Amino acid sequence: MLTVVLSGLRARWAAFLGSFVALALGVGLLTTMGLGLSATFDAPERTPQRFASAPVVVKGRDAVTVDVRRGPATTSVSKKLDRPQPVDTELLRELKARWTVTTADGPDAVGVHGPAPEIRTLVGTRAQVLTGDDRRLADPEPERDAEALVALNALLGTAGGVTTFVSVFVVASTFAFAVALRRREFGLLRTAGATPGQLRRMLLAEAAGVGVLASATGCALGVLGAPWLARVLVAGNMAPEWFVIDHATTWPPHAAFWTGVTVALAGAVAASRRAGKVGPTAALQEADVDTDVLPLGRALLGAGLLLAGLGLLVWTCLTEPSELMKRKTYTTQPMLLITGLALLAPALVRPVARALRLPGAIGTLVRENSAAAVRRTAAVAAPVLVTVALAGSLLGSATTVTSTKAAEAREQTRAEYVVSGEDLRPVPGASATGATSVFVRDGAEALVKYGARAVSDPADFADLARLPVVAGDVRDLDDRSIVVNEEWERGRVGEVVEVWLADGSGPVRLRVVAVLALGTGDNGPYVTRANAPGAAVDRVEARGVAPEALSAAGGPVRTVEEWAAATHPSSSPQTRLGLLLVLGIALVYTVIALANTLLMATSVRGGELASLRLAGATRAQALRVVTGEAGLAVAIGTVLGLAVTAVNLAVLGAGLAALSAPVALTVPWGAVGAAAGACAVVAVGAAALPAWRLTR
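Treat the numbers as computed from the prediction; the structure is a model and nothing was measured. (Residues numbered from 1 in each chain as written. Predicted model: local features only at pLDDT ≥ 70, side-chain atom pairs only at ≥ 80, totals over all residues. Heavy atoms only, no water.)

Some remarks on the overall build of the chain
- The helix and strand inventory of the chain stands at 21 helices and 16 strands.
- When each of the 696 residues of the chain is scored for burial, the buried share is 48%.
- Across the chain, the fraction of contacts at a sequence separation of at least 24, relative to all contacts at a separation of at least 6, is 80%.
- Of the roughly 31,300 Å² of accessible surface on the chain, a fraction of 59% belongs to carbon and sulfur atoms. (Helix = DSSP H or I, 4+ residues; strand = E, 2+ residues; numbered from the N terminus. Buried < 20%, exposed > 50% of the residue type's maximum accessible area, 1.4 Å probe, protein only. Contact = heavy atoms within 4.5 Å. Areas by Shrake-Rupley, 256 points an atom, 1.4 Å probe, with all protein chains shown as cover.)

Here it is, written out as structure tokens:
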């Protein structure tokens, strides 16, 4: 058996080349992503900078702490404030009376040169006392490193998941098509006495050989590529400047190697089972029309995944529509639809191909050949489906969410001009608001922080606001009330809610005067400046006021359209780079799959092309038939990918409508066209090269 396996690998190295490259690339990417993930687990311990010379730092309160119920007992939970509070004036006076006190860039913290136990006794619960390395918590943005690593961790995890998904898909598709091409060979082996079990073991041994070699190569490539990835992430502002990848970590290469071997074996399992069913009579068969292209097991699995994907989307839309706007949701949920539709592709290829009316005799021949050779057409269309569906769903969902936020911002004001910036000055006749936050108990078990807007003049605000009010009246807002949205547990007009304010003070009892639709998440709450301590004006809106007068606010004067476009861009550079990284991985795999499949498929069509030449076709016509079939298969994959995109965007639109948000669906035609065009170029080239050689 081993001799047969080694002979098969040597004789058919070209057929295994695509699987080898796909696996090596996948393992390399997984190794690189794993090394990157391991580097994001811990931020470096920075030394104190702001108060490096002071042995003790007294820092004002930077969190609100509330008791909540956990089972039969209570516990304290904390939420960070938007900004640390100043050290209490009386406490500062007491500290200065006993020890030397130093200040640096703001009243939120001071350095104290004295014994820590005595300082802690004096301060009590009025402030925080920091010593040792904890003094760095008084530096500006002490958690910026950890927050940057959380976002980077999510990006690398998503890229690794997409890599695994696409590599399994490509390898399984490649092995399945290779088995279909070797059907007569398996028939000869059965005639020579080989058992079904021996055929299965032979294919699994071939897959294991390819998997081990490709995984070892991929691990080496991944280790070499890890420093390059770190430089790209830092250059793209997706990682902090100090981010590096440590090669000493050994678990990512080990995990990637065994994942690659497992993927190779998993991809060959279904193909080996199909090979074991080949009978001796297959050696005498040479049919031009594929039959039994969709076994019952594959049909049930594909239908199940397709229904599960649709059901999950609909369920999310009906129960938690706001989840559809999250990147994690619109990145992962399309994969179920993609996998299900790809498994059912052999059943869809024939009706889609025959529905297309291609002109001329060559067009008819292309259409009928594609409909007859279902396995070949489906093997080409499936990877195109993956790339087009990911490009349309990911970029379309991200752009739709940001476009909807911009449309929502435009619709919620009657203003003609908007001034935005930091520390603006109010202008007579204009509505001035600022960012703040409020904290509220969610039931008795949790504390929730809401980003809110602080209104300087409720009357001016009510005149210009065009909020999606579902109950109450915004004009009733005053210093003893609040405007909430439908997300609040206790959000009925007239009810009194307890909230903690932006400086941690509270609880303050405020009466609900209006309830807003949830929208994209930026609808309220709204309070007056009296309930927003420390909030500065960052937006001035006006109607009927000359732009020259608005310039006194201290910021750029823009029309509402210009302001919405500036504050709600289509996507951030970091988000765009992350999505392009994921799509780039999918496109590379698609190119490998297309080239490998078409090189294998076209190279065995010598007899068919010779018959076509004998029937009177010229060499150019024969080449047009072969390349036309490749182009038609890419078109079918594009159509199926657009179907997945349409379903995802339609459900997202329904979810936005359920949130009472303006629906601004956006299809990324440019990205979809570029992906489909790249696939078409590769497919036509990979089909034309062996066909040109065979028709000489």
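Alright, that's what it looks like, and here's the rest.
Digging into the environment of Leu-305
- Along the polypeptide, Leu-305 turns up in helix H9 (residues 296-319).
- Judged by relative accessible area, which is 22%, Leu-305 ranks as partly exposed.
- As a C-alpha pair, Leu-305 and Thr-339 span 34 residues in sequence and 7.0 Å in three-dimensional space.
- Not counting chain neighbours up to four residues away, the residues in contact with Leu-305 comprise Leu-336, Thr-339, Gly-340 and Leu-343.

Here's the deal with the side chain of Arg-50
- Mapped onto the elements, Arg-50 comes out in the loop between helix H2 (13-39) and strand E1 (56-59).
- Of the residues examined, Arg-50 reaches a relative accessible area of 17% and is grouped as buried.
- Of note is the side chain of Arg-50, whose polar atom sits 2.9 Å from the side chain of Asp-108. (Polar contact = N/O pair within 3.5 Å; in protein donor to acceptor, adjacent residues only side chain to side chain.)

Some words on the nonpolar core
- If you look at the biggest cluster of nonpolar residues, it comprises 80 residues, and the most contacted ones within it are Leu-152, Leu-233, Phe-243 and Leu-390.
- Leave out the neighbours within four places in its chain, and Leu-233 touches Leu-152, Leu-155, Leu-156, Met-238, Ala-239 and Phe-243.
- Val-388, Leu-594, Val-634 and Cys-679 belong to the second largest nonpolar core, which has 18 residues in total. (Core = buried A, V, L, I, M, F, W, Y, C linked by side-chain atoms within 4.5 Å.)

Describing the sheet that holds E1
- As summarised here, the arrangement of the 4 strands in space is E4-E5-E1-E6, forming an open sheet in which the pairing is antiparallel. In this open sheet, the two strands that pair with only one neighbour each are strand E4 (100-103) and strand E6 (128-131). Between one strand axis and the next, the sheet turns through 30° on average, direction left out of account.
- As paired elements, E4 and strand E5 (residues 109-113) share 4 bridges and run antiparallel to each other. Paired with Thr-103 across the strands is Val-110, a residue of E5.
- Sitting on the sheet, helix H4 (residues 116-123) is in contact with E1, E5 and E6, with an inclination near 165° to E6. (Pairing = 2+ DSSP bridges. Axes fitted to C-alpha atoms, helices over the stretch in contact; angles between N-to-C directions.)

Points about the packing of aromatic side chains
- One pass over the structure, following the stated rule, counts 3 aromatic pairs.
- Centre to centre, the rings of Phe-461 and Tyr-526 are 5.1 Å apart; their planes meet at 40°, and the pair counts as tilted. Of this pair, Phe-461 sits in helix H15 (residues 458-464) while Tyr-526 sits in strand E14 (residues 526-528), and the two are 65 residues apart along the sequence. Tyr-526 shares its class with Phe-461; the two are buried. (Phe/Tyr/Trp six-rings, centres within 6.5 Å; stacked < 30°, edge-to-face > 60°.)

Describing the environment of Thr-125
- Looking at the secondary structure, you find Thr-125 in the loop between H4 and E6.
- Separated by 64 residues in the primary sequence, Thr-125 and Arg-61 place their C-alpha atoms 9.4 Å from one another.

Digging into the pattern of salt bridges
- For the coordinates displayed, the defined rule picks out 18 salt bridges.
- Ionic pairing is found between Lys-80 and Asp-62, a salt bridge with its closest N-O pair at 3.0 Å. Here Lys-80 is found in strand E3 (residues 73-80), whereas its partner Asp-62 is found in the loop between E1 and strand E2 (63-70), with 18 residues between them in sequence.
- With a shortest N-O distance of 2.8 Å, Arg-453 and Asp-538 are connected by a salt bridge. Residue Arg-453 is located in strand E9 (residues 446-455), and its partner Asp-538 is located in the loop between E14 and strand E15 (539-542); the two are separated by 85 residues in the primary sequence.
- Taking relative accessible area as the criterion, Arg-453 reaches 14% and is therefore assigned buried.
- Put simply, Lys-59, Asp-62 and Lys-80 are held in one network by salt bridges that share partners. (Salt bridge = Lys/Arg side-chain N within 4 Å of Asp/Glu carboxyl O.)

As for the packing of helix H13 (residues 360-372) against helix H14 (residues 374-411)
- Contact geometry for H13 and H14: axes closest at 5 Å, N-to-C directions at 95°. The orientation of H13 relative to H14 falls into the category roughly perpendicular. Along the contact surface, H13 presents Asn-369, Ser-370, Ala-371 and Ala-372, while H14 presents Val-374, Arg-376 and Thr-377.
- Considered class by class, the residues forming the contact of H13 with H14 number 3 nonpolar, 3 polar and 1 charged. (Parallel < 35°, antiparallel > 145°, perpendicular 65-115°, else oblique. Nonpolar A, V, L, I, M, F, W, Y, C, P; charged D, E, K, R; others polar.)

Concerning the side chain of Ser-397
- On the secondary structure map, Ser-397 appears in helix H14.
- Discounting residues that sit within four places of it in the chain, Ser-397 has contacts with Tyr-330, Gly-392, Leu-649 and Leu-652.

Comments concerning the packing of helix H12 (residues 345-355) against helix H20 (residues 619-658)
- The interhelical angle for the contact between H12 and H20, taken along N-to-C directions, is 110°, at an axis separation of 10 Å. When the interaxial angle is binned, H12 and H20 end up roughly perpendicular. Note on element contacts: H20 touches H12 through Leu-632, Ile-636 and Leu-640, opposite Leu-348, Val-349, Val-352 and Ala-353.
- When its residues are assigned to classes, the contact of H12 with H20 shows 7 nonpolar, no polar and no charged.

Regarding the environment of Ala-536
- Locating Ala-536 in the fold gives a position in the loop between E14 and E15.
- Sequence-distant contacts of Ala-536, defined by excluding residues within four places in its chain, comprise Asp-423, Gly-434 and Ala-435.

What to know about unusual backbone geometry
- Positive phi values are uncommon outside glycine, yet Asp-423 reaches one of about 50°.
- Relative to the helices and strands, Asp-423 resides in the loop between strand E7 (417-420) and strand E8 (431-442).
- For Ser-660, which is not glycine, the phi dihedral falls at a positive 65°.
- Assignment of secondary structure puts Ser-660 in the loop between H20 and helix H21 (669-694).
- On the basis of relative accessibility, which here comes to 44%, the residue Ser-660 falls in the partly exposed class.

Quick look at the confidence of the model for the chain
- Across the chain, the average pLDDT comes to 82, with 90% of residues at 70 or higher.
- Here helix H1 (residues 2-11) stands out as the element of the chain with the lowest mean pLDDT, 56, in contrast to E14, whose mean of 94 is the highest. (pLDDT = per-residue confidence, 0-100.)

Quick look at a negative patch on the surface
- A cluster of acidic side chains, namely Glu-320, Asp-442, Glu-445, Glu-487 and Glu-489, defines a negative patch on the protein surface.
- Assignment of secondary structure puts Glu-445 in the loop between E8 and E9.
- Under the relative-accessibility criterion, Glu-445 is labelled partly exposed at 46%. (Patch = residues over 30% accessible without salt bridge, like charges linked within 9 Å, V, L, I, M, F, W, Y side chains within 5 Å. Lys, Arg positive; Asp, Glu negative; His and termini not counted. Charge placed at Lys NZ, Arg CZ, Asp CG, Glu CD.)

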